[in-house]
Amino acid sequence: MTFGQAQAAQFDFDNDGKADISVFRPETGMWYIMQNGNSVAATNFGLADDKIVPADYDGDGRSDIAIFRNGVWWILESGTSTIKPYYFGTNGDIPVPANFDSDARTDLAVFRPSTGQWFWNGSSNGSFHAINFGLAGDIPIPGDYDGDGRADVNVFRASTGVWYRINSSNASIITTQYGLAGDIPIHGDFDGDDKTDIGVWRPSNGYWYLINSSNSGLKATPFGMTGDVPVAADYDGDGKTDIAVFRPSDNYWYRLNSSDGSFFAYKFGQNLDKAIPAPNLALSDNGTPTATDTPTNTPTPTATQTPTNTPTNIPTNTLTATATSTPSNTPANTPTNTPTNIPTSTPTATATATFTPTSTNTPSATMTATNTPTRTATNTPTN
């Protein structure tokens with residue numbers, strides 16, 4: 001998943017300004033992408049345990065198919081259709097690709113849970129950056145929260161529901177209490193102001209809780225149910241992130257279009273597919289954060305294509321931090337589970353459109369909020 005470009009459509013593989021409904025099938029390494037609303041593109045790229053990291057790495061306005069495998073990034077550039085491997089990170093790192101230097105290209109970046117360190121490589125000039133920010137168990141969610149066009153270092157502490165970030169515009173540390181243990185942090189620009197908004201989806205009640213960065217207003221929307229995977233993205237191309245879920249039990253995508261409030265349902269994929277627009281894809285198989293989800297397979301080239309070019313990026317497995325702005329409170333519940341559900345079904349690409357959901361648990365769009373997360377914010381660093 002791409003972080004840090006609230007102003008651009010993410011998961012847009014065909015450059016039409018809209019996020020594409022898409023899945024990755026671990027069993028076969030196939031990517032299925034619904035393009036222009038009427039065709040399916042299928043590409044074999046990756047292995048079951050790879051972490052998928054689609055983003056616009058070559059700056060052509062289209063998301064590139066890409067995976068992260070034990071410290072190696074394999075990128076299928078959409079501009080040239082060539083595969084490029086980049087060595088950046090190590091086994092156990094969490095890839096957090098984002099645009100840290102505001103050059104319209106996604107930068108290679110990782111968060112190292114074992115040390116709480118962030119490392120990224122600026123695509124504009126190849127500059128290397130390292131900073132200490134976070135603890136084991138934190139969920140890294142970089143985004144352009146201050147609207148300066150650059151991704152900010154940011155973590156969500158699932159055990160306490162606290163967000164910590166460093167604004168790239170002025171290096172200030174912002175702490176915001178928003179969410180509860182068990183909430184899934186959400187990334188997107190829901191109000192269209194070119195800033196990433198803080199938000200969570202609560203699986204226990206299906207509510208979306210958001211803070212609009214444009215006016216600091218709180219918004220609570222019930223949409224989804226336990227077992228759904230949140231897949232927020234700008235599907236209608238209006239510059240705002242749409243509330244949406246993928247339901248593995250019936251393989252339907254449900255969403256609320258932000259442009260006109262209309263409801264949309266579409267059947268696409270299988271129940272063990274990874275919904276590509278899901279949050280925290282680099283952390284788990286279904287969008288639920290797990291800090292220790294580490295690939296177990298031996299690194300090999302992709303299943304169908306062998307890269308032949310020599311990597312130009314220097315591997316960095318012994319990086320040291322240069323900053324010490326680390327939140328000081330230790331999380332009480334550090335996730336330790338590792339996904340074991342490897343799909344066994346025969347791969348097929350399902351892309352049948354319908355606007356009438358067949359599920360008996362259709363999401364509702366009622367705006368009545370219950371159990372709203374508490375919110376306190378301060379500009380005073382707590383570390």
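Higher on the page you've got the structure.
Residues numbered from 1 in each chain as written. Predicted model: local features only at pLDDT ≥ 70, side-chain atom pairs only at ≥ 80, totals over all residues. Heavy atoms only, no water.

Regarding the pairing of strand β22 (residues 252-256)
Most of β22 sits inside the fold, with 5 of its 5 residues counted as buried. Side chains of β22 alternate between two faces, with Tyr252, Tyr254 and Leu256 and Trp253 and Arg255 buried alike. Across 5 bridges, the pairing between strand β21 (residues 243-247) and β22 is antiparallel. Bridge pairing in β22 links Val245 to Tyr254. (Buried < 20%, exposed > 50% of the residue type's maximum accessible area, 1.4 Å probe, protein only. Helix = DSSP H or I, 4+ residues; strand = E, 2+ residues; numbered from the N terminus. Pairing = 2+ DSSP bridges.)

With respect to the packing of aromatic side chains
To describe a pair of aromatic rings, you give the distance between the ring centres and the angle between the ring planes. Per the stated rule, a full pass over the model turns up 15 aromatic pairs. Relative to Phe128, the ring of Phe119 has its centre 6.2 Å away and its plane inclined at 15°; by these criteria the two rings are stacked. Assessed through its relative accessible area of 0%, Phe119 is described here as buried. Members of the aromatic cluster, joined through ring pairs, are Phe223, Tyr252, Tyr254 and Phe263. Here Arg255 stacks its cationic end above the ring of Phe264, 4.0 Å away from the centre of that ring. (Phe/Tyr/Trp six-rings, centres within 6.5 Å; stacked < 30°, edge-to-face > 60°. Lys NZ or Arg CZ within 6 Å of the ring centre and 35° of its normal.)

So, the sheet that holds strand β2 (residues 30-35)
Taken in spatial order, the 4 strands line up as β3-β2-β1-β24 in an open sheet, and their pairing is antiparallel. The open sheet has two edge strands with one neighbour each: β3 (39-44) and β24 (274-275). Relative to β2, strand β1 (residues 22-25) is paired through 4 bridges, and the arrangement is antiparallel. Note on β2: the bridge partner recorded for Arg25 is Met30.

Let's talk about the pattern of salt bridges
A complete count under the given rule lists 10 salt bridges for this structure. As a salt-bridge pair, Arg157 and Asp138 come within 2.8 Å of each other at their nearest N and O atoms. Taken together, the positions of Arg157 in strand β13 (residues 153-157) and Asp138 in the loop between β11 (128-132) and β12 (139-140) put the pair 19 residues apart, joining distant regions of the chain. For the residue pair Arg157 and Asp138, the accessibility class agrees, reading buried in each case. Ionic pairing is found between Arg150 and Asp148, a salt bridge with its closest N-O pair at 3.1 Å. (Salt bridge = Lys/Arg side-chain N within 4 Å of Asp/Glu carboxyl O.)

A word on the sheet that holds strand β5 (residues 65-69)
Strands sit in the order β4-β5-β6-β7 across an open sheet of 4 strands; the sheet is antiparallel. Of all strands in the sheet, those with a lone pairing partner are β4 (51-52) and β7 (83-87), marking the two edges. Note: β5 against strand β6 (residues 72-76), 5 bridges, orientation antiparallel. Following the sheet pairing, Phe68 is matched in β6 by Trp73.

A word on the nonpolar core
Side chains that are nonpolar tend, in soluble globular proteins, to be buried together. The biggest cluster of nonpolar side chains holds 32 residues, and the ones touching the most others in it are Ile21, Trp31, Phe45, Val231, Tyr235, Trp253 and Phe268. Put simply, the parts of the chain that give this core at least two residues each are β1, β2, β5, β6, β21 and β23 (263-268). A per-element tally of this core places β2 first, with 5 residues. Judged by nonpolar contacts, the second largest core, of 17 residues, contains Phe100, Trp118, Ile131 and Val162. (Core = buried A, V, L, I, M, F, W, Y, C linked by side-chain atoms within 4.5 Å.)

Description of unusual backbone geometry
In this structure, Asn15 takes a positive phi of about 60° despite not being glycine. As for its placement among the helices and strands, Asn15 is situated in the segment before β1. Residue Asn15 is classed as partly exposed on the basis of its relative accessible area, which comes to 46%. The residue Ala171 is not glycine, and still its phi comes out positive at about 65°. By the secondary structure assignment, Ala171 is in the loop between β14 (162-166) and β15 (173-177).

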